[in-house]
Each structure stands twice: as structure tokens, then as C-alpha cells.
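Examining the three-dimensional arrangement
Below, each chain spelled out in residue letters.
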Amino acid sequence: MTLKELCEARYSCRHYKSLPIEEEKLAYVRECVRLAPSAKNIQPWKFVLVTDKATLSKVCACYGRDWMRTAPAVVICLEDHHQAWTREEDQKNHADIDVAIATEHLCLAAAEQGLGTCWVCNFNVQQLKETVALPAGYEPAALVPIGYAADTASSKKRKPMDEVWA
């Protein structure tokens with residue numbers, strides 16, 4: 001599969017089969033995340049793979065949409081703004097950019113392995129911090145449910161090329 005085909009195949013999955021994910025596939029996804037680039041190679045991130053039902057329930061409660069409860073696993077994507085590179089000129093901290101790059105590596109690697117994912121950024125950060133043990137110093141950036149898709153991709157609406165490239 002080419003990268004373009006992989007990008008076309010990846011979509012925001014919102015319903016998952018109740019099948020466990022093979023450890024080999026999870027190991028592959030973790031390795032692809034580990035290889036992601038970051039500003040000045042600082043890698044100001046951590047990722048927490050949640051598979052146990054009690055913690056999954058707590059994580060899903062922070063989002064509140066029933067579809068996420070169908071996923072057999074959720075990855076909590078964390079960033080450390082204190083570690084991340086900050087551009088001197090305008091004090092732009094790159095933690096968000098860095099974790100986004102690694103998170104998209106996660107999503108593309110999962111798609112390559114036949115797994116569905118969905119970026120979830122609209123969740124209750126404070127509730128997550130209060131109910132799930134997270135590594136000290138890291139802020140939650142995104143939740144990514146992962147598993148075998150029980151739905152199919154709807155057509156992706158994308159802007160035409162001339163609206164994307166100036």
C-alpha cells in the first residue's frame with residue numbers, strides 16, 4: 001500500500017468490533033509512534049495504552065459519547081510543554097505540533113495494520129487527570145480509540161487542491 005492509499009484508507013472510526021487487538025499489531029503501532037520526528041528531536045510526549053475495562057470506562061466517561069465505549073483500547077496521547085522546544089522569536093511552544101505528528105503516525109500505522117482509529121480532542125481534561133493515573137508533568141492532548149472497525153468510512157470531504165496549496 002502506498003502512503004497515498006493509506007491516507008485515503010484512514011478515516012475516523014466511530015464503532016468497533018469487540019475483538020482483542022493482537023500484541024504484534026500493537027507493538028508495530030508503538031514502534032511507528034516511537035519513530036515519529038519532533039522539533040529538535042526532543043520527543044516531548046508519552047503515550048498510555050489503556051485496555052483494561054475499569055480504566056477504559058474512566059477514560060470513556062471523560063468524553064461521554066457512547067461510540068467510544070465500543071473500542072477495545074484507547075491511547076491517551078500526552079505532551080510535556082516544559083520539555084518541548086520553544087521558538088525564540090515568538091515563544092511558540094511546539095509540544096502540540098510534536099504530539100500531533102506522533103499521533104498521526106499512530107493512526108496511519110494502525111490503519112496499515114487493519115485497525116480503525118479516531119482523534120478525540122473534545123474531552124474533559126480535568127476529569128481525565130482526576131480519574132486516571134497519568135505520568136507527572138504531562139498534559140493530555142488527545143484520546144485515540146483503536147480497534148477493528150465495525151463501521152465503514154463515509155466519503156471524506158476534502159477541499160480542492162487549489163484551496164489547499166497557495
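The structure this text deals with has already been given above.
Described in the following lines is the structure provided in the data block.

Residues Leu56, Val59 and Cys60 constitute the buried set of helix H3 (residues 53–61). Viewed end-on, H3 has its buried residues packed into an arc of 95°, placing them on one side of the element. Elements that come into contact with the buried residues of H3 comprise strand E1 (45–50), strand E2 (73–79), helix H5 (125–131) and strand E4 (139–147).

Side chains that carry opposite charge are capable of pairing whenever their charged atoms lie near each other. This model, assessed by the stated rule, comprises 6 salt bridges. Between Arg34 and Glu31 there is a salt bridge, with its nearest N and O atoms 2.7 Å apart. Of this pair, Arg34 and Glu31 both sit in helix H2 (residues 23–34), 3 residues apart, roughly one helical turn. For Glu31, a relative accessible area of 34% puts it in the partly exposed group.

Within a regular strand, side chains alternate between the sheet's two faces. Burial analysis of E4 places 8 of its 9 residues in the buried class, the great majority of the element. In the sheet, E2 pairs with E4 via 7 bridges, with the strands oriented antiparallel. In the strand pairing of E4, Glu79 is matched with Glu139. Both strand E3 (residues 116–117) and E4 contribute to a ladder of 2 bridges, which runs antiparallel.

Let us now look at unusual backbone geometry. Despite not being glycine, Asn41 has its phi angle at roughly 60°, a positive value. Here Asn41 is to be found in the loop between H2 and E1. Positive phi outside glycine occurs at Gln43, with the angle close to 55°. Along the chain, Gln43 falls in the loop between H2 and E1. Residue classification places Gln43 among the partly exposed positions, given a relative accessible area of 29%.

Analysis parameters
- Residues numbered from 1 in each chain as written.
- Predicted model: local features only at pLDDT ≥ 70, side-chain atom pairs only at ≥ 80, totals over all residues.
- Heavy atoms only, no water.
- Buried < 20%, exposed > 50% of the residue type's maximum accessible area, 1.4 Å probe, protein only.
- Helix = DSSP H or I, 4+ residues; strand = E, 2+ residues; numbered from the N terminus.
- Arc of directions from axis to C-beta.
- Contact = heavy atoms within 4.5 Å.
- Salt bridge = Lys/Arg side-chain N within 4 Å of Asp/Glu carboxyl O.
- Pairing = 2+ DSSP bridges.

Structural measurements only, silent on function.
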